[in-house]
Amino acid sequence: MNAQQIERFFATLQAANPLPASELEYTSVFELLVAVLLSAQATDVGVNKATRRLFPVANTPRQILDLGLEGLESHIKTIGLYRSKARHLMQTCAILLRDHGGEVPRTREALEQLPGVGRKTANVVLNVAFGEPTMAVDTHIFRVANRTGLAPGKTPLAVEHQLLQRVPALYLAHAHHWLILHGRYVCVARTPRCWQCAVADCCDFEPKTPAP
């Protein structure tokens, strides 16, 4: 993709969805952090199903700790890897209370020191909660960036750096949501739905998938 195509790509996605939002359900920065932590190797639908049980009972670090490990596991056991995620979440809540007054920190360094929080999770929290122009490269973004020629890279970090360089500043705040949604519903893994794609004319992928 050249610069003109990239501009048209994001202008088209913006016109179709001016204010994209995460499909994870949350009402506070801490709930967002919990949901993203739980979402590793799980679907947003599955995470939302679990947090609808968890958050009415415990949606602060202190309340999570008060549940105890077994109590927390019982609320999230429908999610894959729930035992390790529960352990990480308990450790994270303890650190938030001990070091951050129970609040979610606003820096990448502090976020990445929380158990179960890697670069991608930190990027989601920084972008969604605090409005930072970060790029949380998940499997959808990695696929779309490489397939379309938007930001080719062999690793998620390489793609992240490419995106931050190539996405126009005007679109950076919402770019990761547009790319996730595009990868989830249009530029899907096995058979991209090119015949339904509003940005197919900007994309390097060939041959385009014909309508079934």
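Quick summary incoming for the structure in this document. Predicted model only: the values in this text are computed from it and were never measured. (Residues numbered from 1 in each chain as written. Predicted model: local features only at pLDDT ≥ 70, side-chain atom pairs only at ≥ 80, totals over all residues. Heavy atoms only, no water.)

1. Focus: unusual backbone geometry
A negative phi angle characterises most non-glycine residues, just as the trans form characterises most peptide bonds. With an omega dihedral of -10°, the bond running from glutamate 206 to proline 207 counts as a cis peptide bond. Backbone geometry places glutamine 41, a non-glycine residue, at a positive phi of 55°. For glutamine 41, the location among the structural elements is in the loop between helix H2 (29-38) and helix H3 (44-54). In this structure, leucine 81 is a non-glycine residue whose phi angle is positive, near 60°. Relative to the helices and strands, leucine 81 is located in the loop between helix H4 (61-76) and helix H5 (82-99). Taking the relative accessible area as the measure of exposure, leucine 81 reaches 48% and is therefore partly exposed. (Helix = DSSP H or I, 4+ residues; strand = E, 2+ residues; numbered from the N terminus. Buried < 20%, exposed > 50% of the residue type's maximum accessible area, 1.4 Å probe, protein only.)

2. What about the pattern of salt bridges?
Oppositely charged side chains are able to pair whenever their charged atoms sit close together. Summed over all chains, the structure comprises ten salt bridges. For the salt bridge of aspartate 201 with arginine 8, the shortest nitrogen-to-oxygen distance reads 3.3 Å. With aspartate 201 in the segment after helix H10 (172-185) and arginine 8 in helix H1 (residues 3-16), this pair connects stretches of sequence that are 193 residues apart. Relative accessible area serves as the criterion here: at 32%, arginine 8 is assigned to the partly exposed category. For arginine 184, the salt bridge is made with aspartate 44, and the minimal N-O distance between the two is 3.2 Å. With a gap of 140 residues between them, arginine 184 in helix H10 and aspartate 44 in helix H3 connect regions that are remote in the sequence. (Salt bridge = Lys/Arg side-chain N within 4 Å of Asp/Glu carboxyl O.)

3. Details of the nonpolar core
Membership of the largest hydrophobic core comes to 35 residues, with the highest contact counts inside it found for Leu54, Ile64, Leu72 and Leu111. Broken down by secondary-structure element, the contributors of at least two residues to this core are H2, H3, H4, H5 and helix H7 (119-128). With eight residues, the single largest contributor to this core is H2. Sequence-distant contacts of leucine 54, that is, excluding residues within four places in its chain, are made with Val34, Ile64, Leu67, Leu72, His75 and Ile76. Counting residues in each nonpolar core, the second largest holds 27 residues, with Met1, Ile6, Val186 and Val199 among its members. (Core = buried A, V, L, I, M, F, W, Y, C linked by side-chain atoms within 4.5 Å. Contact = heavy atoms within 4.5 Å.)

4. Observations concerning the side chain of threonine 121
Here threonine 121 is to be found in helix H7. A relative accessible area of 8% places threonine 121 in the buried class.

5. As for the packing of H7 against H10
Two elements in contact, H7 and H10, have axes whose closest approach is 10 Å; the angle formed by their N-to-C orientations is 125°. Taken as axis vectors, H7 and H10 run oblique relative to one another. For H7 against H10, the interelement crossing comes out left-handed. The residues of H10 that touch H7, namely those facing Val124, Asn127 and Val128, are Leu172, Ala173, His176 and His177. Counted by class, the contact of H7 with H10 contains four nonpolar, three polar and no charged residues. (Axes fitted to C-alpha atoms, helices over the stretch in contact; angles between N-to-C directions. Parallel < 35°, antiparallel > 145°, perpendicular 65-115°, else oblique. Left-handed = near helix turned anticlockwise from the far one by under 90°. Nonpolar A, V, L, I, M, F, W, Y, C, P; charged D, E, K, R; others polar.)

6. Side note on the packing of aromatic side chains
Enumeration over the complete set of coordinates arrives at four aromatic pairs. Their ring planes at 20° and their centres at 5.9 Å tell us that phenylalanine 10 and tyrosine 171 sit as a pair that is stacked. Of this pair, phenylalanine 10 sits in helix H1 while tyrosine 171 sits in the loop between helix H9 (156-166) and H10, and the two are 161 residues apart along the sequence. Each ring, one from tyrosine 171 and one from tryptophan 178, has its centre 6.3 Å from the other, and the planes form 65°; the classification is edge-to-face. Taken together, the aromatic side chains of Phe9, Phe10, Tyr171 and Trp178 make up a single cluster linked through ring pairs. The ring of phenylalanine 205 has arginine 147 sitting right over it, with the charged end atom 5.4 Å from the ring centre. (Phe/Tyr/Trp six-rings, centres within 6.5 Å; stacked < 30°, edge-to-face > 60°. Lys NZ or Arg CZ within 6 Å of the ring centre and 35° of its normal.)

Geometry only, nothing functional implied.
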